[in-house]
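Observations on the model geometry
Spelled out from the first residue to the last, the chains are:
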Amino acid sequence: LTPIKKAADTLSAYGEKAKSKELYKVYMDRLVTANTKAEELNNIALGFYKEGNLELAETVYDIYIDRIKGELTSKERLVSDLINIARQFAYKDQGQKDPFYAEKIFKKIEEIGGKNSFDEELIYLRGFNLEKIKDYPHAQEIYTDLIKLYPESIHAQELNFKIGIIQTYVLRDIEKGKVYFEKLSQRETASPRVTSSLYQLGLINQWLGDFVKAKDYYNRLIEKLAHSTTLSANPELAEGSGSASLQIRALADERLKEIDGQKPIEYNLKMF
């Protein structure tokens, strides 16, 4: 098998993609008919992954998964292997990734081991991966499950805000979206998610034409930021300080000027 792969690699390096693909197919077919051991298949797939040849890595991983499903008697071991593969391909800012393939593996994990196979961080990774492939409704379902299972999660503020955004702007359910923004707006801290939620509530009410409510949310945002700066000795309460708080304060000021001047909301915001 090694000469076949070397020939395919060489053709690929010289840009002969069609010819290299033909040889890689021969290589894959031989892997199957040669009854290659599962461990060796795993190593081959990992090698393709490290080379950046994700298409071939995924093909070999599929062969590997079919093989271990028949060989492994332990469901836990099978799920563990699938989790490792999903983590490899899940979205990340740097490194090799294929979030669509990762979600395919996440589905297999759920089919074989059920939802109990996912711990807090794996649920978050799956939701984030879905968000990055713009499957927002499914991401919202995963994020909602995470919050129900882990209400004190370190991701709680982030996820409540994201669910609010998805409900409001993707699923077009303003009332459900507002519930999540309201929940965050009640927190004492002036964290970016809290102040952004107050801004969203102001924006929604301004768009709906309820200017009294809109002004109230914008003013609460400004007061919360002002309060946090007076308590800067407390890191938690000073969380909203910095460029993010200056930006959100500037946006709130702009919206208040529109309302006080009886001007329409900025055109791009209105359309969004």
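In case you missed it, the structure is sitting above this.
These figures come from a predicted structure and were not determined experimentally.

Some thoughts on the overall build of the protein
- Of the regular secondary structure elements, the protein holds 14 helices and zero strands.
- Along the protein, helices (α) and strands (β) appear in the sequence α-α-α-α-α-α-α-α-α-α-α-α-α-α when read from the amino end.
- Taking 272 residues into account, the globule formula puts the C-alpha radius of gyration at 19 Å, and the protein, at 25 Å, lies well above it.
- Overall, the C-alpha framework of the protein stretches about 75 × 45 × 40 Å when taken along its three principal axes.
- Expressed as a percentage of its 272 residues, the buried residues of the protein come to 44%.
- In the protein, 53% of the contacts between residues at least 6 apart in sequence involve partners at least 24 apart.
- With the model as given, the accessible surface of the protein reaches about 15,300 Å², and the carbon-plus-sulfur share is 52%.

A look at the nonpolar core
- By size, the foremost hydrophobic cluster in this structure holds 49 residues, and its most contacted members are Phe48, Phe89 and Ile109.
- The dominant element in this core, judged by the number of residues it contributes, is helix α4 (residues 54–71), at nine residues.
- Look past the residues within four positions of phenylalanine 89 in its chain and what remains in contact with it is Tyr49, Leu54, Ala57, Glu58, Tyr61, Lys97, Asp98, Pro99, Tyr101 and Ala102.
- With 22 residues, the next largest nonpolar core counts Leu198, Ala214, Tyr218 and Ile248 among its residues.

Overview of unusual backbone geometry
- Unusually for a residue other than glycine, lysine 134 sits at a positive phi of about 65 degrees.
- The phi torsion at glutamine 262 lies on the positive side, around 55 degrees, for a residue other than glycine.
- If you trace the backbone, glutamine 262 turns up in the loop between α13 (243–260) and α14 (267–271).
- A relative accessible area of 74% means that glutamine 262 is categorised as exposed.

Brief notes about the packing of aromatic side chains
- Counted under the stated rule, the structure contains eleven aromatic pairs.
- Between tyrosine 61 and phenylalanine 89, the ring centres sit 5.9 Å apart and the planes meet at 85 degrees, which makes this aromatic pair edge-to-face. Placement of tyrosine 61 in helix α4 and of phenylalanine 89 in helix α5 (residues 75–89) is noted, with a sequence separation of 28 residues between them.
- Relative to phenylalanine 128, the ring of tyrosine 124 has its centre 6.2 Å away and its plane inclined at 10 degrees; by these criteria the two rings are stacked. Note that tyrosine 124 and phenylalanine 128 are positioned in helix α7 (residues 120–132) at a spacing of four residues, about one turn of the helix.

Side note on the pattern of salt bridges
- Within this structure, the stated rule accounts for 16 salt bridges.
- Taking the shortest distance from any N to any O, the salt bridge between arginine 126 and glutamate 103 comes out at 2.8 Å. Note that arginine 126 is positioned in helix α7 and glutamate 103 in helix α6 (residues 99–113), a separation of 23 residues in sequence. Grouping residues by exposure puts arginine 126 and glutamate 103 together as buried.
- Note that glutamate 110 is salt-bridged to arginine 126, the shortest N-O span being 2.6 Å. Of this pair, glutamate 110 sits in helix α6 while arginine 126 sits in helix α7; the two residues are 16 residues apart in sequence, bridging distant segments of the chain.
- Given the relative accessible area of 27%, glutamate 110 is considered partly exposed.
- Through salt bridges with shared partners, a single ionic network connects Lys5, Asp9 and Glu51.

Examining the packing of α6 against α7
- Relative orientation of the contacting elements α6 and α7 amounts to 140 degrees, with a least axis distance of 10 Å. Here α6 lies oblique to α7, going by the angle between them. Remark: the crossing between α6 and α7 carries left-handed chirality. Residues Pro99, Ala102, Glu103, Phe106, Lys107 and Glu110 of α6 touch α7, and the partners they reach there are Leu122, Leu125, Arg126, Asn129 and Leu130.
- In the contact of α6 with α7, the residues fall into six nonpolar, one polar and four charged.

The rules behind the values
Residues numbered from 1 in each chain as written. Predicted model: local features only at pLDDT ≥ 70, side-chain atom pairs only at ≥ 80, totals over all residues. Heavy atoms only, no water. Helix = DSSP H or I, 4+ residues; strand = E, 2+ residues; numbered from the N terminus. Rg over C-alpha atoms; globule rule 2.2 N^0.38 Å. Buried < 20%, exposed > 50% of the residue type's maximum accessible area, 1.4 Å probe, protein only. Contact = heavy atoms within 4.5 Å. Areas by Shrake-Rupley, 256 points an atom, 1.4 Å probe, with all protein chains shown as cover. Core = buried A, V, L, I, M, F, W, Y, C linked by side-chain atoms within 4.5 Å. Phe/Tyr/Trp six-rings, centres within 6.5 Å; stacked < 30°, edge-to-face > 60°. Salt bridge = Lys/Arg side-chain N within 4 Å of Asp/Glu carboxyl O. Axes fitted to C-alpha atoms, helices over the stretch in contact; angles between N-to-C directions. Parallel < 35°, antiparallel > 145°, perpendicular 65-115°, else oblique. Left-handed = near helix turned anticlockwise from the far one by under 90°. Nonpolar A, V, L, I, M, F, W, Y, C, P; charged D, E, K, R; others polar.

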